[in-house]
Amino acid sequence: MIRSAVTVSLVAQARGGPFVFWDDLGAACRIAAELGFDAVEIFAPSPDAVDLDELRRLQDRHRLEVAAVGTGAGMVIHGLSLTDPAARRRRKAVDFVREIIDFGAACNAPAIVGSMQGRWGGELDRPAALELLAAALNELGAYAGEKGTALIYEPLNRYETNLVNTVADGAALLRALDGDNVKLLADLFHMNIEEADIAAAIRAGDGSIGHVHFVDSNRRAAGMGHLDFGPIAAALEEIGYDGYASAEAFPLPNPQAAAQATIAAFRRLFGRAGRRQSG
Ligand code: LER
Ligand code: MN
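These numbers come from a predicted model, not from an experiment. (Residues numbered from 1 in each chain as written. Chains lettered and ligands numbered in written order. Predicted model: local features only at pLDDT ≥ 70, side-chain atom pairs only at ≥ 80, totals over all residues. Heavy atoms only, no water.)

A word on the overall build of the protein
When you go through the protein residue by residue, the secondary structure sums to 11 helices and 9 strands. Over its C-alpha atoms the protein spans a radius of gyration of 17 Å, differing by no more than 12% from the 19 Å that the globule rule assigns to 279 residues. Within the protein, the fraction of its 279 residues that count as buried is 56%. Pairs at least 24 residues apart make up 78% of the contacts formed inside the protein by residues separated by at least 6 positions. Carbon and sulfur atoms make up 49% of the accessible area of the protein, which amounts to about 11300 Å² in all. Side chains of the protein give 27 positive and 36 negative charges; the mean places of these two sets differ by 4 Å. (Helix = DSSP H or I, 4+ residues; strand = E, 2+ residues; numbered from the N terminus. Rg over C-alpha atoms; globule rule 2.2 N^0.38 Å. Buried < 20%, exposed > 50% of the residue type's maximum accessible area, 1.4 Å probe, protein only. Contact = heavy atoms within 4.5 Å. Areas by Shrake-Rupley, 256 points an atom, 1.4 Å probe, with all protein chains shown as cover. Lys, Arg positive; Asp, Glu negative; His and termini not counted. Charge placed at Lys NZ, Arg CZ, Asp CG, Glu CD.)

This is the structure:
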């Protein structure tokens, strides 16, 4: 069963980014629950930024899961990348992700590697960068497995990375890894830029997709852009996708409206009244 989630950013340096709720985790959980979301996805500035006892209280009170936790603060705040040519800084990047994996595991959520993948250039050519990325994903995927979670790897559009831009290239990267504990994030915003056919790319990615960023062409809430969501939802159902459709979208015209539009689109597409209304 596909479940709904909505993002909340606690990273001041990411202001202006595609996150629905900002700054106040308690308020985000309350509104997400009121609207009927199953989960929140948390973008935190550091592995210890969220008080785990408080998070558990919020989860219990609002009956919410944590869909995933982001690692992008390692790049946004510290400039860390898993493909940094300098071994010492690369180690710091891997260690940052390991600690976010710990945070995620404590709330039963996988960590996402997106912008932390970095890019190739200068002294580092593409094959060498992909080797560094694969080495990092091997280590981090195995570590996530020890902690009882998966690791989620996200292909990004060409303006954000020159390493892996499509689901097919992401799936090829995953196939070359040692284990099978790393799954792909299909972000519909990036896919709208890079894929020839989003639904076909999802069908071809069968088995490798572990998380979805559910968002429209302009990175606004689903339904506020020009994506044709019917075939996308049908493709996700067809491959038996049973992870989250998580709204990583701009808070436009405001967080509440973006969240409301998302859950309305989710219900329309995935044919569920939402957990609270269906009992
Ligand atoms: C960045 O564009 C993005 O989609 C995030 O999910 C990456 O961490
Ligand atoms: Mn994304």
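Overview of the pairing of strand β4 (residues 65-70)
Among the 6 residues that make up β4, 5 are buried, leaving the element largely enclosed by the rest of the structure. As judged from the 5 bridges shared by strand β3 (residues 39-43) and β4, these two strands associate in the parallel manner. Bridging across to β4, I42 finds its partner in V69. With helix α2 (residues 52-62) bridging β3 and the parallel β4, this β-α-β connection has right-handed handedness. The sheet contact formed by β4 and strand β5 (residues 111-113) spans 2 bridges and is parallel. By the bridge assignment, G70 is partnered in β5 with I112. (Pairing = 2+ DSSP bridges. Right-handed = clockwise from strand over helix to strand, strands pointing away.)

Remarks on the nonpolar core
Within the largest apolar cluster, 95 residues are counted, with the highest numbers of intra-cluster contacts made by I42, L82, Y153, L188 and I202. By residue number, the principal contributor to this core is helix α5 (residues 126-146), which donates 10 residues. The contact partners of Y153, leaving out residues within four places of it in the chain, are V113, Q117, L133, L137, V164, G170, L173, L174, V182, K183, L184 and L185. (Core = buried A, V, L, I, M, F, W, Y, C linked by side-chain atoms within 4.5 Å.)

Some points on the packing of aromatic side chains
In the structure shown here, the tally under the stated rule is 6 aromatic pairs. Aromatic pair F266 and F270: ring centres 5.1 Å apart, planes at 50°, arrangement tilted. Here the residue F266 and the residue F270 both occupy positions in helix α10 (residues 255-270), the gap between them amounting to 4 residues, near one helical turn. Each member of the pair F266 and F270 is classed as buried. In this structure an aromatic cluster arises from ring pairing among F214, F229, F266 and F270. (Phe/Tyr/Trp six-rings, centres within 6.5 Å; stacked < 30°, edge-to-face > 60°.)

What about the packing of helix α1 (residues 25-35) against α2?
Where α1 meets α2, the closest approach of the two axes is 10 Å, and the angle between their N-to-C directions is 20°. By the criterion of interaxial angle, the relationship of α1 to α2 is roughly parallel. For α1 against α2, the interelement crossing comes out right-handed. Contacts from L25, G26, C29, R30 and A33 in α1 reach L55, L58 and H62 in α2. Here the residues of the contact of α1 with α2 are counted per class, giving 5 nonpolar, 2 polar and 1 charged. (Axes fitted to C-alpha atoms, helices over the stretch in contact; angles between N-to-C directions. Parallel < 35°, antiparallel > 145°, perpendicular 65-115°, else oblique. Left-handed = near helix turned anticlockwise from the far one by under 90°. Nonpolar A, V, L, I, M, F, W, Y, C, P; charged D, E, K, R; others polar.)

Quick notes on the coordination of the manganese ion (ligand 2)
The protein atoms that coordinate the manganese ion (ligand 2) are E154 (OE), D187 (OD), H213 (ND1) and E248 (OE), at distances of 2.1 to 2.2 Å. Geometry at the manganese ion (ligand 2) is octahedral, judged from the 6 donor atoms that bind it and their angles of 70 to 172° at the metal. Sequence spacing of the donor residues for the manganese ion (ligand 2), all on one chain, is E-x32-D-x25-H-x34-E. Taken together, the residues E154 in the loop between β6 (151-153) and α6 (167-175) and H213 in strand β8 (residues 209-213) connect sequence positions 59 residues apart. On the basis of relative accessibility, which here comes to 5%, the residue E154 falls in the buried class. The class for H213 is buried, based on a relative accessible area of 1%. (Donors = N, O, S within 2.8 Å, 3.2 Å for Na, K, Ca; no water. Tetrahedral: all angles 85-135°; square planar, octahedral: opposite > 155°, others 65-115°.)

As for the site of ligand 1
Residues in contact with ligand 1, as listed here, are G114, S115, E154, L156, E160, D187, H190, H213, R219 and E248. At 2.8 Å, a side-chain N or O of R219 approaches an oxygen atom of ligand 1. About the coverage of ligand 1: the protein hides 86% of its 260 Å² of free accessible area. Taken together, the residues that form the shell around ligand 1 break down as 1 nonpolar, 4 polar and 5 charged. (Near = heavy atom within 4 Å. Polar contact = N/O pair within 3.5 Å; in protein donor to acceptor, adjacent residues only side chain to side chain.)

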